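Single-letter residue listing:
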Amino acid sequence: MEESSKRSEQRKEMEKERKKGEKKRRKEEEEEEEEILIFNHKSAEKEKEDEDLSDSEDSVFSGLEDSGSDSEDDDDDDEDLKVDQNLSQQVKKEEEEDVQSSLKKKDEEEEVKRDEYEHDSSDEEDIRNTVGNIPMEWYKDFPHIGYDLDGKKIYKPIRNKDELDDFLDKMENPDYWRTVQDKQTGSDVVLSDEQVELVKRLQRGQFGDVNFNEYQPQVEFFTQEVMLHPVTNRPADKRSFIPSLLEKDKVSKLVHAIKMGWIKPRRDSRDDSRGRYYDLWASEDTSNLARHRMHLPAPKIPLPGHHESYNPPPEYLFTDEERALWEQQDPVDRKFPFVPRSFSSLRLVPAFPRFIHERFERCLDLYLCPRQRKMRVNVNPEDLIPKLPKPKDLQPFPTTQSLVYRGHSGLVRSISVSPSGQWLASGSDDGSVRFWEICSSRCLKTVQVGGAVKSVAWNPNPSVCLLAVALDSAVLILSPALADRQVVLSSDRLLSAPQEAEPIEGDGLVNWSDTEGEELNQGIRLKIQHPKAVQQVAWHTKGDYLASVMPDHSSHLQVLIHQVSRRRSQNPFRKNKGLVQSVSFHPIRPYFFVATQRSVRIYNLVKQDLTKKLHANSKWISSMAVHPGGDHVICGSYDCKLSWFDLDLSTKPYRMLRHHRKAVRSVAYHRLYPLFASAADDGSIIVCHGTVYNDLLQNPLIVPVKVLRGHVITHELGVLDVTFHPTQPWIFSSGADATIRLFT
Amino acid sequence: MGGLQKKKFERGSAANYITRNKARRKLQLSLPDFRRLCILKGIYPHEPKHKKKVNKGSTAARTFYLLKDIRFLLHEPIVGKFRDYKVFVRRLKKAYGKTEWSAVERLRENKPTYKLDHIIKERYPSFIDALRDIDDALCMCFLFSTFARTGKCHVQTIQLCRRLTVEWMNYVITSSALRKVFISIKGIYYQAEVMGQLITWVVPYQFSHDHPTDVDYRVMATFTELYTTLLGFVNFRLYHSLNLIYPPKMDSKVEMDQMEDDDYAMTSESNSEKLSALSASLARAVSSAEEEEAELDQFPVEGEDIEQMEAKEKEQKQQKLFKGLKFFLNREAPRESLAFVIRCFGGEVSWDKSLCIGSTYEVTDETITHHIADRPNIEKQYINRYYIQPQWVYDCVNAKMLLPVEDYFLGVNLPPHLSPFVEEKEGDYVPPEKLKIMALQRGEKPANEEEEEDEEEGEEEEEEEGDEEEEEEEDEEEEAEEKNLKMMEEQRSQGKSLQVKVTPGKVKAENSARLEEEEKAEEKRLAIMMMKKKEKYLYDKIMFGKKRKVREANKLAAKRKAHDDAEKSKKKKAKK
């Protein structure tokens, strides 16, 4: 009670102070006051309730806080408190700290001994029961309700009330309505009037304290009304009288900035400037600036095809293979950047995941891609095909296969037609030379020469009937006796010409010998033995000279020229100029053509020097033919090309023809008609029309007129040799399939 | 002798080009600014013919601009604005750093802005030029208008794009300029003809975007900036060409009607939304009735041919394709697209009130002729209207006629949707559906279609087979002869006596036409042999392309045939 009086004193004091108007202090004080008020109230309550208690306030509170001072005697009192606590838990929790702080203060003031657990504010519950803050239902089925500090069971108070007792109690006991059960201990507690009042107040949402005035008049410390007297007595600063230099500086800076246009006044109509549209093209000037002439507008995005439809025709959808291919391909190589899909209805179509990407790529294209005007080649392919005279107009030329000469058993390397045009001689790998009658395709004569025949050549002189045959390292001169008696005789005469002069050159190299016995019977008249294997023989037009080719890399002895009538041989070259492929005499003038691997050399036989060197633009010349006029040469090569040289023009080919698919084996000119032909390993013979004009200014006209096929490709070899009939527009070809064919 | 020695790379093409970095330095701009400038001014790099010469002997990969272009950029006032902006950013940063908030506010208020009007005028000196280039602008604006406000770009930009696109669509509706529509898996393509220019744009489907991370939105935003300006001016001009009020307002009658029933938002907002509903006609500066009358009596210009007149008539017919039809859109059908298309072709359209503002009549309206729904079935159906799927509308537009509705009923397997942009040339593959539509356009009746088709196909097949057989027969004959000959030859070579036998010869029926053809073919082959190398290369290339086309067409046809066969066999099985 002393304390309370003290409090009231203090309060009075505080009120005084308040009137004085000290703010800071007052705030603190106010807080303190509140706390104290609450405390007072509580203590009063306690006092009323437990008047008989000898315990001091302190101990009562300590009972709440700790278990140090509690005893068996004041059980009831504590329980009451407990109930109180339970009911007003919310309020308590709000207030508890205040209470504690106030307690502390009070303690300080009163200098009461501190409890050791005072600072411990964490556990609120009754610690006599040590079960802790748990739902008490857990102990529902047990006889005890928890454990005391010594670890002994606290038993539930014995309850033997049944419904009836309860009812009776309700009817009879006037305090029944204010009796509650303490769950912690299981005992009934009758609430006091104050407690009931407190509960009611709390239920109404009022403060627990009856005396607390919620509506205290608010004191305004600061008002907008200017007060008569200053709050402090401090004299004003000097700077409040003097204009500020700093401000002056700032203002002058601003003024300067405004003057200079650095700071601009606020714009008002800024929204109007943008997003307002007007007729921009009201005064259209049609002046076409150079810039606009040069401008390349960006190409538009290609329009979508059926593939892109959400429901395309079934053929536009990917099959599994196509889909796999699409997935494998690089995104750049793909034909479509998406997989065509089909949806049964529009509502099922999902968003396209790459839509933003595509727009972005378009943007990049627009500003990053170099633009270039590209002339699209809009050519009708038909216009590219050269206009040539129709083959029909260029007749005659061989068109159809009319006869097949069969009889050889090996591939037929070489054929030759007699100058009369009646006989055909063929030499084959089976070691025989056969003579055929052209018209009847009948084999008249077979001469076994005993070795693979490389080349046969009929003497072009119509007054003799001789055939040169190259096999192994010998050249045989045959007299097949397939002509008039006179002709046969004259050829015999030629062969048996006096052997007055022994060969001067090529001494020991070449051996001329007459044949005897069986061979003679077969018609072999002469045998010219060479040091090396002979590849080709070629007659001069007059029919007296004969050239033979022995290809060899290392020696200058590759070509020999024989004179049949005098049985003389000579080596015209002193130097090796490359592997000789074939040779030929000029039909009219004394020139000699030598085809080496890359070029054709033309020698003047009279002057004995090189006249011209023709460069065939090919890797390996296989064959050569000289135009009957003598001014043109064609060369076939193993790299499928045929080059036409005009000797009057240049050393480069006038025309290169790449008609064949495989190596060209043989080429030939017709003696009378403007025709030439090439035969190749692809089994085809291409007959071309090649007019040579007398006018030197006019270039030869070359027109392919017919592709002839008939030979069967065996061992990757097709046609091996080709010759024209001397008078008719017919062509003979021999192939690796052991046949000779005539096309007319 | 003498004179100054000519220095390399000081004349010719080397002096006409400038690399990107040099150009940037010359303009004193950072790379992003330079990029912006190039986008706005439409400057693009050039590919010099001789790169090494221009690159001063180096072969490093560089981007070249025309020096003229860069000089042209030097005079651009916007470059100054860019610099101002740079200064502004610097000042703002400084103010922030010093926490001078008043300065920050002041600076912000004076943020430098620029206008693109003069650039538009300069890039597109005439209105037609602008129209020609508006495809990309439309695509971009339609894309941006579908963006959510997620910070990928300014909200104002999105709103502006939306506004402009709605204006554009309203214009297309009013002028009924739409020609073709195509539903692709990417989005919906529209093609309109405005002042003789074909303008195509694509609108993505109405889904939220999954924003990719590898896309530079700054570039897109710069383009959009330019495009919105362009589209705004174009819209203005177009609206004025039709005597419409710009910015668009709805017809006063309609407005009055609608004013009564709803007051759910601010008038400005609701106005824009109603506009975007595309259901109401626009207000005109001159009253519409007069104009229509004036339009009615047209005099044929003397120079015009009858064909042109006919084409015009056809076009007009197409423009009024849906005239008199009343559509109702179910809520799952794409409202905006369908409303746009139907209104473009003169139809009336409405939808559920709760779906969108601007619906004009209810489902219960008895005069509705077509109800567009995209679900397998509707429980409550009215008798006097067709229930069709949305594809019908698009297919009708592309076919320029009202197609039979039977194929498009609810729950029916839809016929394929074909691209109207594909124009098949000779030799290209034409899907059979297209042939069907073409036949319908010609006025042929589609009765017993399938049967006929089957028959035709069968006949064709037979014919083909017959041809092949003939050829085969001939071949066989020849082969037989050859064999005979060979036999005889063998016998002869074996030394056997031939069975002398005279068989009556057969008269070979020579097909003169065929012979001639063969002759011609051979002639051509021979002529091709004589081609020069260069020409041959070109010719081969062209022929390769042609052959590839044919191959592709054949492949498609084969695929289709396989598919049809599979379907047929399935059907047969089902029947059994």
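Residues numbered from 1 in each chain as written. Chains lettered and ligands numbered in written order. Predicted model: local features only at pLDDT ≥ 70, side-chain atom pairs only at ≥ 80, totals over all residues. Heavy atoms only, no water.

### Quick notes on the overall build of chain A
Part 1 of the reasoning: Across its full length, chain A holds 15 helices and 33 strands.
Part 2 of the reasoning: In chain A, buried positions account for 43% of the 744 residues.
Part 3 of the reasoning: Residue pairs in contact within chain A that sit at least 24 positions apart in sequence constitute 50% of those at least 6 positions apart.
Part 4 of the reasoning: When the accessible area of chain A is evaluated, it comes to approximately 43500 Å², of which 50% is carbon and sulfur surface. (Helix = DSSP H or I, 4+ residues; strand = E, 2+ residues; numbered from the N terminus. Buried < 20%, exposed > 50% of the residue type's maximum accessible area, 1.4 Å probe, protein only. Contact = heavy atoms within 4.5 Å. Areas by Shrake-Rupley, 256 points an atom, 1.4 Å probe, with all protein chains shown as cover.)

### Focus: the UniProt feature "repeat: WD" (unreviewed entry) in chain A
Part 1 of the reasoning: Taking the UniProt record as the reference, the feature "repeat: WD" (unreviewed entry) is found at residues 405-446 and 712-744 of chain A.
Part 2 of the reasoning: As annotated, residues 712-744 of chain A comprises 0% helix and 48% strand, and the C-alpha atoms at either end are separated by 19 Å. (UniProt positions renumbered as here; feature names shortened; annotations may be inferred.)

### Focus on the sheet that holds strand β7 (residues 348-351) of chain B
Residue and element names in this part refer to chain B.
Part 1 of the reasoning: Across the sheet, four strands lie side by side as β7-β6-β8-β9; this open sheet has parallel pairing. Two strands bound the open sheet, and with one partner strand each, they are β7 and β9 (386-388). Sheet twist, expressed as the mean angle between neighbouring strand axes with direction ignored, is 25°.
Part 2 of the reasoning: Of the pairings in the sheet, the one linking strand β6 (residues 326-329) to β7 comprises four bridges and is parallel in character. In the sheet register, F328 faces β7, and the bridge partner there is S350.
Part 3 of the reasoning: Running over the sheet, helix α17 (residues 335-344) touches β6, β7 and β8 (370-372) and is turned about 160° from β7. (Pairing = 2+ DSSP bridges. Axes fitted to C-alpha atoms, helices over the stretch in contact; angles between N-to-C directions.)

### Details of the interface of chain B and chain A
Part 1 of the reasoning: Each partner contributes to the interface: chain B provides 118 residues, whereas chain A provides 92 residues.
Part 2 of the reasoning: When the area that chain B buries against chain A is broken down by residue, the three leading residues are B:I185, B:K186 and B:M530, summing to 10%.
Part 3 of the reasoning: The interface formed by chain B and chain A contains 14 salt bridges.
Part 4 of the reasoning: Of the charged contacts in the structure, one is a salt bridge between A:E308 and B:K186, with a shortest N-O distance of 4.0 Å.
Part 5 of the reasoning: The dominant element in the side of chain B that touches chain A, judged by the number of residues it contributes, is helix α12 (residues 217-241) of chain B, at 14 residues.
Part 6 of the reasoning: Of the residues contributing to the side of chain B that touches chain A, the split by class is 64 nonpolar, 17 polar and 37 charged. (Buried area = accessible area lost by both parts, 1.4 Å probe. Salt bridge = Lys/Arg side-chain N within 4 Å of Asp/Glu carboxyl O. Nonpolar A, V, L, I, M, F, W, Y, C, P; charged D, E, K, R; others polar.)

### Overview of helix α8 (residues 245-260) of chain A
Residues and elements named next belong to chain A.
Part 1 of the reasoning: Relative to the 22 Å expected for 16 residues at 1.5 Å per residue, α8 spans 22 Å between its end C-alpha atoms, a close match to the ideal helical length.
Part 2 of the reasoning: Summarising burial for α8: one of the 16 residues are buried, a small minority.
Part 3 of the reasoning: The opening residue of α8 is S244, an N-cap whose side-chain oxygen sits 3.2 Å from the backbone nitrogen of L246. (Expected span 1.5 Å × (residues − 1). Polar contact = N/O pair within 3.5 Å; in protein donor to acceptor, adjacent residues only side chain to side chain.)

### Observations concerning the packing of aromatic side chains
Part 1 of the reasoning: What the rule picks out here adds up to 43 aromatic pairs over all chains.
Part 2 of the reasoning: Taken together, a centroid distance of 5.7 Å and an interplanar angle of 75° make the contact between A:W644 and A:Y669 edge-to-face. In this pair, A:W644 sits in strand β25 (residues 642-646) while A:Y669 sits in strand β27 (residues 664-669), placing the two residues 25 residues apart along the sequence.
Part 3 of the reasoning: A relative accessible area of 0% places A:W644 in the buried class.
Part 4 of the reasoning: For A:Y669, a relative accessible area of 12% gives the class buried.
Part 5 of the reasoning: Between B:F182 and B:F421, the ring centres sit 6.3 Å apart and the planes meet at 90°, which makes this aromatic pair edge-to-face. Taken as a pair, B:F182 in strand β3 (residues 178-183) and B:F421 in the loop between α18 (391-399) and α19 (432-442) lie far apart in primary sequence, 239 residues in all.
Part 6 of the reasoning: On the basis of relative accessibility, which here comes to 11%, the residue B:F421 falls in the buried class.
Part 7 of the reasoning: Here a set of aromatic residues connected by ring pairs shows up, and it is made of B:F142, B:W168, B:Y171, B:Y190, B:W201, B:F236, B:Y239, B:Y246 and B:F340.
Part 8 of the reasoning: Cation over ring: A:R655 sits above A:Y654, and NZ or CZ is 5.7 Å from the ring centre. (Phe/Tyr/Trp six-rings, centres within 6.5 Å; stacked < 30°, edge-to-face > 60°. Lys NZ or Arg CZ within 6 Å of the ring centre and 35° of its normal.)

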